[in-house]
Amino acid sequence: MDLGLKGRRAIVCAASKGLGKACAVSLARAGVELVINARTADALERTASEIRREHGVKVTAVACDITTPDGQKQVLAALPDPDILVNNAGGPPPGDFKDWTRDDWMKAVVANMLTPIELIKATIDPMIARRFGRVVNITSAAVKAPIDILGLSNGARTGLHGFCAGLARKVVKHNVTINAVLPGPFDTDRLRSTLKFEAQKSGRSEEDVAKARMALNPSGRFGQPAEFGDACAFLCSAQAGYITGHNLLMDGGGYPGTF
Ligand code: NAP
């Protein structure tokens, strides 16, 4: 399917690996020029080179922390008026809410709610003027069904969803859409590090812990980042202009409800 995106330009945040990288790759395959970001410069540059080599599109790498005003400024300087904005950043740490300080909450809210909102604010007017804009927020299945130890994520990300649900209805008449993709367990470094932690804690092998986690999911497996990237690219496509304010849960059927 031709996504009608050839020559469009995108900012993909937190994209040197994992889900952000997968979104960048799927957009590049559709002919989109990219500005990608992550904090670690060499890993980011490796990803940028790989995408240029494999997909022949222009890729600009901006190494910075996207959750800081300076990081956002650097990314926006590289591409002030993107057609597509994919918001992403690392998730907050697990823990118990009784231990969290105001500072812990502020960090989670800044990274997983305010940063995407600030980037949307900075880029939406040119999208409206051009009558084409696609915003995709990478959030978490924890928004739909809270995960006990991820209270910071449950809370901060849900705030982003609430805000975007309102804005999405205001801008869709200009062919600007705002959607979210909510990952369940996807096979990325982040997931692997939680498996490793669990294995060390329980004295089991990482493989056993992974098998047990996969068995808990109706699909019997973890999601593959490429599946996530392609769903994101579809939401950014020319054909997806009538899909907005939507929260696409990709969790292999893990959420147990009918709706
Ligand atoms: P990952 O494989 O660890 O990749 C994270 C990427 O984000 C890396 O490129 C990392 O590079 C970059 N990054 C992290 N913090 C950043 C920051 N402040 N500024 C710029 N770049 C930053 O993680 P992932 O699995 O793709 O997860 C992506 C998002 O989805 C996270 O918010 C995660 O909580 C959420 N999520 C993932 C899953 C899953 O199963 N994978 C499930 C639910 C939710 P640097 O470290 O070099 O900056």
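This structure is a prediction, so every number in the text was calculated from the model and none was measured. (Residues numbered from 1 in each chain as written. Predicted model: local features only at pLDDT ≥ 70, side-chain atom pairs only at ≥ 80, totals over all residues. Heavy atoms only, no water.)

## Here's the deal with the pattern of salt bridges
Move 1: A complete count under the given rule lists 14 salt bridges for this structure.
Move 2: The shortest N-O distance in the salt bridge between Glu198 and Arg204 comes to 4.0 Å.
Move 3: A residue is classified by how much of its surface remains accessible, and Glu198, at 28% relative accessible area, is partly exposed.
Move 4: Between Lys211 and Glu207 there is a salt bridge; the shortest N-O distance is 3.5 Å. In this pair, Lys211 and Glu207 are both assigned in helix H7 (residues 206-215), four residues apart and thus about one turn of the helix distant. (Salt bridge = Lys/Arg side-chain N within 4 Å of Asp/Glu carboxyl O. Buried < 20%, exposed > 50% of the residue type's maximum accessible area, 1.4 Å probe, protein only. Helix = DSSP H or I, 4+ residues; strand = E, 2+ residues; numbered from the N terminus.)

## Brief notes about the site of the ligand
Move 1: Taken together, 28 residues surround the ligand, and among them Ser16, Arg39, Thr40, Ala89 and Thr188 come closest.
Move 2: Within the backbone of Ile66, a nitrogen or oxygen atom sits 3.0 Å from a nitrogen atom of the ligand.
Move 3: The fraction of the free accessible surface of the ligand (890 Å²) that becomes covered by protein chains is 90%.
Move 4: For the shell around the ligand, the elements supplying multiple residues, two or more each, are helix H1 (18-29), strand S2 (33-38) and helix H6 (189-202).
Move 5: Broken down by class, the residue content of the shell around the ligand amounts to 10 nonpolar, 12 polar and six charged. (Near = heavy atom within 4 Å. Polar contact = N/O pair within 3.5 Å; in protein donor to acceptor, adjacent residues only side chain to side chain. Areas by Shrake-Rupley, 256 points an atom, 1.4 Å probe, with all protein chains shown as cover. Nonpolar A, V, L, I, M, F, W, Y, C, P; charged D, E, K, R; others polar.)

Geometry only, nothing functional implied.
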